[in-house]
Every structure is written in structure tokens, then in C-alpha cells.
Amino acid sequence: MPFMQPLWSPGAQMVAATPLADLEAPHVTVVGGGILGLSCALHLARAGRSVRVLEAARIGAGASGLNGGQVIPGLKYDPDQLLQHYGEKRGEQVIDFAASTADRVFDLIAAEKLDIPWQRKGWIQAAHTEKAAELAWRRAKTWTGRGVAARALSRDDVATLTGAEGYVGGWLDPRAGVIDPLAYTLGLAKLAAQAGVLIAEDARALQLRRDGALWRIRTSTGVELRSSHVIVATNAYADGLVPGLARTLLPLHSFQIATFPLEPSALARILPGGQAVSDSRRILVYYRKSPDGRLMLGGRGSMAEPSQPRAWAHLEHALVRLFPGLRGLAIEKRWFGRVAMTLDHLPHLHQPEPGLTIAAGCQGRGVGLMTALGPRLADYVLSGDPRTLPFDLTPIRPIPLHRFRHIGMGAAIAWYRFLDALDR
């Protein structure tokens with residue numbers, strides 16, 4: 001796609017991949033070289049396991065390197081909802097895990113001295129209706145009661161902090177921040193390789209079959225590998241490798257645009273504090289500034305992969321609606337990534353057979369969630385104790401009528417856009 005140009009560039013941080021011919025020993029195999037797979041592989045290797053990662057494309061070519069780089073803690077649900085869903089004891093464990101996901105990212109960056117662009121100035125959830133503002137204020141109060149220095153934001157607060165028009169309130173979560181997601185993913189890959197993980201790119205896992213105590217993995221290169229344990233971390237890029245897995249997920253495309261660098265006056269007015277933002281719309285819009293002074297804005301796009309630049313027109317309209325002063329500013333970069341949603345909006349963990357562990361469903365908060373989930377998956381592989389996992393292991397349950405998901409999701413997105421327009 002010649003018109004598609006991501007904001008993030010790999011620069012000189014490319015990964016030294018290992019030829020498949022050198023991966024013959026029965027290692028633990030991680031299928032998927034995104035944030036989840038690399039985080040898990042790094043933890044396993046540092047615990048003394050022999051680990052290899054199979055990546056179907058290039059490290060960072062999927063959603064881990066193509067997202068907006070917002071690092072937001074928590075899940076879709078507030079703590080009281082999680083307590084109701086899981087019960088008090090398990091609910092508190094889930095809340096503690098979810099609350100710490102952004103910490104895991106920034107702690108890792110600091111501890112490993114990763115040379116990547118990052119800022120930790122917080123995240124604003126901006127409310128576009130009075131009802132959404134009241135929910136945001138309750139959310140701020142809930143997290144304040146749990147020791148987080150959250151802030152409820154008035155209409156004027158949001159206008160000052162974002163420079164955007166049309167919001168009536170919101171809240172600020174100081175635990176969040178922004179990173180260069182591709183640099184972060186490549187940094188994880190380098191750490192994993194330094195720990196002894198063998199990384200193979202352009203090596204899709206095509207088939208898994210049990211052979212006694214081992215798994216045999218047939219790859220797109222024609223090489224068949226043996227493995228003592230397989231961890232599937234393909235997330236939104238799940239295919240037919242594990243029967244039924246792809247049909248448990250609703251993959252959505254997250255489209256993104258970036259302007260040319262802003263003029264100094266606009267830089268001073270728009271997001272002067274460097275926060276990340278997403279709003280309360282049903283089809284939300286999210287945005288941030290890049291390290292080189294561009295405004296980057298994203299949101300849900302079409303179910304089909306784009307075939308021309310006008311596929312990003314809805315984001316250009318949103319940009320002008322929020323920032324009328326930027327009308328006429330050219331868009332330099334356009335790209336998209338894939339997000340894995342589940343029907344219950346929670347991550348799913350599966351173990352359909354002994355020695356095969358699966359995690360999927362990042363729900364659009366994958367940078368923090370997948371970073372934090374990787375070591376917990378590794379701990380489970382090392383100990384066999386499901387109590388090390390932040391979520392319960394559940395059976396693979398394909399979504400009924402999944403083959404018609406594009407029709408249903410497309411109709412739902414169109415309807416939600418209509419309702420969002422009425423809110424204005």
C-alpha cells in the first residue's frame with residue numbers, strides 16, 4: 001500500500017533473527033512476536049528455559065508496532081464491575097493486576113534502560129456528553145479511593161489540557177503515558193535475544209500436533225520443529241493454527257493519521273502537558289502528540305483493509321471537528337493496525353491441551369496489558385499453577401455466526417457513529 005506510511009520507523013533497531021535450521025532442539029515455543037510473545041519469552045529465558053519465538057512476518061509488523069503508543073492501565077470495566085463479575089477475592093486480584101499494567105511498561109523501560117521515546121504525563125478520558133462526564137467523575141472518585149492521584153476534570157479543564165473543542169468534562173489518570181510502540185517492541189526483542197531467545201521471522205506456524213510428550217510445529221518454511229510447550233500469542237492475528245481460536249475474537253482495524261509537525265503556536269495550545277487522550281464516544285477517537293511535534297489521531301476504521309487514502313477521511317473530519325484551527329493542515333502519515341476484541345471485553349486464557357497455552361483479547365489496551373500478561377503466562381508455564389494467572393483458564397468458545405462478523409460489526413459501527421453524531 002504505497003499510500004500507507006506509519007508514524008513509527010524502525011530506524012537502526014532491527015532484530016537479528018535466527019535461521020529456523022538452528023531451532024531444532026525441543027525449546028518452549030512462542031508463536032507470535034508481538035509485545036505479549038516477547039514479554040513472555042524474555043521472562044522464560046531469564047528463568048533458565050530455552051525459548052524460541054516464531055513470527056509470521058517481521059517483529060513489529062503487527063499491531064504491537066502499529067498502535068498509537070498509548071499506555072493505559074485498567075480494563076474496560078471499573079473496579080465495582082470487576083468485583084461483581086469475579087467475586088471479592090478474585091476480583092481484587094484482577095483489579096490489582098489491571099491497575100499495574102502501565103507500571104510494568106515504564107518500570108521495564110527504566111530497569112532495562114531502553115533508549116526509546118516515552119512520556120508519563122497521564123491519560124485523559126474526555127467526555128462528550130453530560131452523562132459521560134458524570135461517569136468520568138465517578139471513575140476518578142473510585143480510583144482516588146484506591147490511592148490513585150486521579151483528577152475529575154471540568155469543561156474548562158479539558159479544554160485547557162487538550163486544546164480540543166466539544167467536551168464537557170472528563171478525568172485524568174496519572175498512571176498512563178505514551179511511548180513509541182515500534183521502538184518498544186523492537187527493544188523487547190533485543191532484550192529477549194540477549195537473554196538467549198531465538199527469534200525466527202517470516203516463519204508462520206501452520207500446524208500443531210501432539211507427539212508423545214512433545215509438540216510438533218510445521219512452519220511455512222517447510223521446517224518442522226519440536227517443542228516441550230507452545231504458547232500462542234497471535235492475538236488479533238489468530239488464524240487456523242488452533243481450531244476455533246480465531247472464531248472467539250472480533251478483530252477490528254484501528255486507523256491512525258499523523259499531521260505534519262505543528263507550528264509553535266499550535267504546539268503550545270494542543271496537549272501542552274503531553275497527555276494521551278481518548279474520548280467517551282461509542283466509536284471513540286484517541287490522540288496524542290508525537291516526539292517530533294505532530295498530532296496523531298486514531299479510531300475505528302472499516303472492517304476491510306483500506307485500498308485508498310480516503311479510507312482515513314473519517315479521522316480527518318474528526319481532527320477538524322476537535323481542532324478547527326488545524327483546518328487545512330496536511331496529513332502526512334496514514335496507517336492501521338488490528339485489535340482483538342472479545343464479546344465480554346476481557347482477555348481470554350485457554351489451555352485446550354497440556355503443554356498448549358493461549359492468550360488473546362487485548363481490547364485496545366495491549367501495550368500495558370500484554371507487557372504485564374507475558375511474565376504471568378511464563379510463570380504458569382514454569383510452575384503449572386493456575387493461581388499465577390491474572391484471569392481464569394476457560395474453554396475455547398467460538399462466537400456463534402462468526403462468519404458474518406464483518407456484516408454485523410460494520411452495521412454496529414455505522415449505527416454507533418450515527419448515535420455519536422446525534423450526541424453532538
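Going by the structure above, here's the rest.
Residues numbered from 1 in each chain as written. Predicted model: local features only at pLDDT ≥ 70, side-chain atom pairs only at ≥ 80, totals over all residues. Heavy atoms only, no water.

### Description of the side chain of Asp173
Topologically, Asp173 is positioned in strand S7 (residues 169-173). By relative accessible area, Asp173 is classed as buried at 1%. Among the polar contacts made by the side chain of Asp173, one reaches the side chain of Arg175 at a distance of 2.7 Å. Discounting residues that sit within four places of it in the chain, Asp173 has contacts with Pro73, Gly122, Trp123 and Val148. (Helix = DSSP H or I, 4+ residues; strand = E, 2+ residues; numbered from the N terminus. Buried < 20%, exposed > 50% of the residue type's maximum accessible area, 1.4 Å probe, protein only. Polar contact = N/O pair within 3.5 Å; in protein donor to acceptor, adjacent residues only side chain to side chain. Contact = heavy atoms within 4.5 Å.)

### Quick look at the nonpolar core
Counting residues in hydrophobic clusters, the biggest one holds 80 residues, and the most contacted among them are Tyr184 and Leu377. Excluding residues that lie within four positions of it along the chain, Tyr184 makes contacts with Ile35, Val105, Leu108, Ile109, Leu114, Ile116, Ile179, Val367 and Thr371. Ala126, Leu153, Leu271 and Leu322 belong to the second-largest nonpolar core, a separate cluster that totals 28 residues. (Core = buried A, V, L, I, M, F, W, Y, C linked by side-chain atoms within 4.5 Å.)

### Details of the pattern of salt bridges
Side chains that differ in charge, positive against negative, can pair when their charged atoms come close. Tallied over the full model, the rule gives 20 salt bridges. Among the ionic pairs, Arg120 bridges to Asp103, the shortest N-O distance being 2.5 Å. Of this pair, Arg120 sits in the loop between strand S4 (118-119) and strand S5 (123-127) while Asp103 sits in helix H5 (residues 101-112), and the two are 17 residues apart along the sequence. Under the relative-accessibility criterion, Arg120 is labelled partly exposed at 28%. The salt bridge involving Asp211 is made with Arg216; its shortest N-O contact spans 2.6 Å. Note on Asp211: relative accessible area 34%, which makes it partly exposed. With relative accessibility at 23%, the residue Arg216 sits in the partly exposed group. Bridged by salt links that share partners, the residues Arg209, Asp211, Arg216 and Glu224 form one connected network. (Salt bridge = Lys/Arg side-chain N within 4 Å of Asp/Glu carboxyl O.)

### Examining the pairing of strand S13 (residues 250-259)
Along S13, nine of the ten residues are buried, which leaves the element largely enclosed by surrounding structure. Examined bridge by bridge, S13 and strand S17 (residues 331-341) share ten bridges and lie antiparallel to one another. By the bridge assignment for S17, Leu250 is matched with Met341. (Pairing = 2+ DSSP bridges.)

### Some thoughts on empty space enclosed by the protein
Enumeration according to the criterion identifies one cavity of 30 Å³ or more in this entry. For the largest cavity, the full set of lining residues is Val232, Thr234, Ala238, Asp239, Leu241, Val242 and Leu245. (1 Å grid on protein atoms, 1.4 Å probe; cavity = no way out; pocket = protein on both sides within 12 Å on 5 of 7 lines; lining within 4 Å. Points joined across faces, edges and corners; volume = space filled by probe spheres on them.)

### Some details on the sheet that holds strand S3 (residues 70-71)
Pairing is antiparallel across the open sheet formed by three strands, whose spatial order is S3-S8-S4. Lying at the two open borders of the sheet, with one neighbouring strand each, are S3 and S4. Relative to strand S8 (residues 177-179), S4 runs antiparallel, the two sharing two bridges. If you follow Trp118 over to S8, its bridge partner there is Ile179. Where H5 meets the sheet, it contacts S3, S4 and S8, and its direction lies at approximately 50° from that of S8. (Axes fitted to C-alpha atoms, helices over the stretch in contact; angles between N-to-C directions.)

### Let's talk about H5
Here H5 contains twelve residues, and its C-alpha end-to-end distance of 17 Å stays within 8% of the 16 Å for a straight helix at 1.5 Å per residue. Turning to H5, its buried residues are Thr101, Ala102, Val105, Phe106, Leu108 and Ile109. With its buried residues spanning 150° around the axis, H5 presents them on a single face. Turned more than 90 degrees from where H5 packs its buried face, Ala110 and Ala111 sit exposed. In the segment just after H5, Lys113 is the residue with positive phi, at about 55°. (Expected span 1.5 Å × (residues − 1). Arc of directions from axis to C-beta.)

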